[in-house]
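# Architecture at a glance
Single-letter residue listing:
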Amino acid sequence: AQKITQTQPGMFVQEKEAVTLDCTYDTSDQSYGLFWYKQPSSGEMIFLIYQGSYDEQNATEGRYSLNFQKARKSANLVISASQLGDSAMYFCAMREADAGGTSYGKLTFGQGTILTVHP
Amino acid sequence: EAQVTQNPRYLITVTGKKLTVTCSQNMNHEYMSWYRQDPGLGLRQIYYSMNVEVTDKGDVPEGYKVSRKEKRNFPLILESPSPNQTSLYFCASSLLGNSPLHFGNGTRLTVT
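On a predicted model such as this, the values are computed, not experimentally measured, just so you know.

## Considering the sheet that holds strand 8 (residues 76–78) of chain B
Residues and elements named next belong to chain B. Pairing is antiparallel in the open sheet, where 4 strands are placed in the order 1-3-8-7. In the strand order of this sheet, the two ends are held by strand 1 (4–7) and strand 7 (65–66), each with one partner. In this structure, strand 7 lies alongside strand 8, joined through 2 bridges in antiparallel fashion. Across the sheet, Lys65 pairs through a bridge with Ile77, a residue of strand 8.

## Focus: the interface of chain B and chain A
Taken together, the contact between chain B and chain A spans 22 residues of the former and 20 residues of the latter. In total, about 1,700 Å² of surface goes out of reach between chain B and chain A, with carbon and sulfur atoms giving 51% of it. Together, B:Leu43, B:Asn98 and B:Phe103 form the three largest contributors to the area buried by chain B at its contact with chain A, with a combined 32%. Connecting chain B to chain A are 0 salt bridges. Along the contact surface separating chain B from chain A lie 5 residue pairs in polar contact (both at pLDDT 80 or more). Among the elements of the structure, strand 4 (31–38), strand 5 (42–51) and strand 9 (87–94) of chain B are those that each provide at least two residues to the side of chain B that touches chain A. Sorting elements by how many residues they give to the side of chain B that touches chain A places strand 5 of chain B first, with 4 residues.

## Quick word on the side chain of A:Glu96
Residues and elements named next belong to chain A. By the secondary structure assignment, Glu96 is in strand 10 (residues 88–97). A relative accessible area of 17% means that Glu96 is categorised as buried. A polar contact of 3.1 Å, which involves the side chain of Glu96, links it to the side chain of Lys3. A polar side-chain atom of Glu96 sits 2.7 Å from a polar atom in the side chain of Thr27.

## Section: the environment of B:Ser93
Residue and element names in this part refer to chain B. Within the secondary structure, Ser93 is located in strand 9. Since its relative accessible area comes to 0%, Ser93 is described here as buried. Considered as a pair, Ser93 and Asn51 are 42 residues apart in the sequence and their alpha carbons are 11 Å apart. Look past the residues within four positions of Ser93 in its chain and what remains in contact with it is Val4, Gln25, Met27, His29, Tyr31, Met32, Pro100, Leu101 and His102. Here His29 takes part through its side chain, which lies 2.8 Å from a polar atom of the side chain of Ser93.

Conventions we followed
- Residues numbered from 1 in each chain as written.
- Chains lettered and ligands numbered in written order.
- Predicted model: local features only at pLDDT ≥ 70, side-chain atom pairs only at ≥ 80, totals over all residues.
- Heavy atoms only, no water.
- Pairing = 2+ DSSP bridges.
- Helix = DSSP H or I, 4+ residues; strand = E, 2+ residues; numbered from the N terminus.
- Contact = heavy atoms within 4.5 Å.
- Buried area = accessible area lost by both parts, 1.4 Å probe.
- Salt bridge = Lys/Arg side-chain N within 4 Å of Asp/Glu carboxyl O.
- Polar contact = N/O pair within 3.5 Å; in protein donor to acceptor, adjacent residues only side chain to side chain.
- Buried < 20%, exposed > 50% of the residue type's maximum accessible area, 1.4 Å probe, protein only.

Encoded structure:
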């Protein structure tokens, strides 16, 4: 089974509107972290936002917020007031603890969602 | 400036010619990793390292080698590159624990 699922290959949004990018994950760990990255056409990977599995409040970073629904295992990214510069590929990722629960290994990525912002 | 630096950015080579992609970070991170990104397959981990002299295989290690002789450096070595290793490669580092990975700018490798 896929650990990270992003069901939207592509999304379109009008400038200044909000958009939600979906992400569901699969883990049996109690301790894990969820991350969103942005990859513009230039190719670099830019870290946007992080949510820990024990965090009770949804993470926010400027125009980015993470809608964390633990029971449903979803971690959707909400971008408010979209800008043309938000057009990019967006990746959801998860980092799980190892068997001992003290160390965190690889970041597992979803397939990504291409966001296009229209003027 | 805190960063992960990988070189070269672009590399075109021929089958069988050994190459090394360098990676260096200046954030004193224990954890370093290499990923490759391919269309339709997303990012897949090749190798990772939790500390100096400690390396381990990721999901797609075949055809690659790494070493971690110093904390800051984590080179990726392709002893005998093949066309199926044509890809976009990323080096990344982080603190141990549930921390975000910081990525280098990527190396686009073409093997003909």
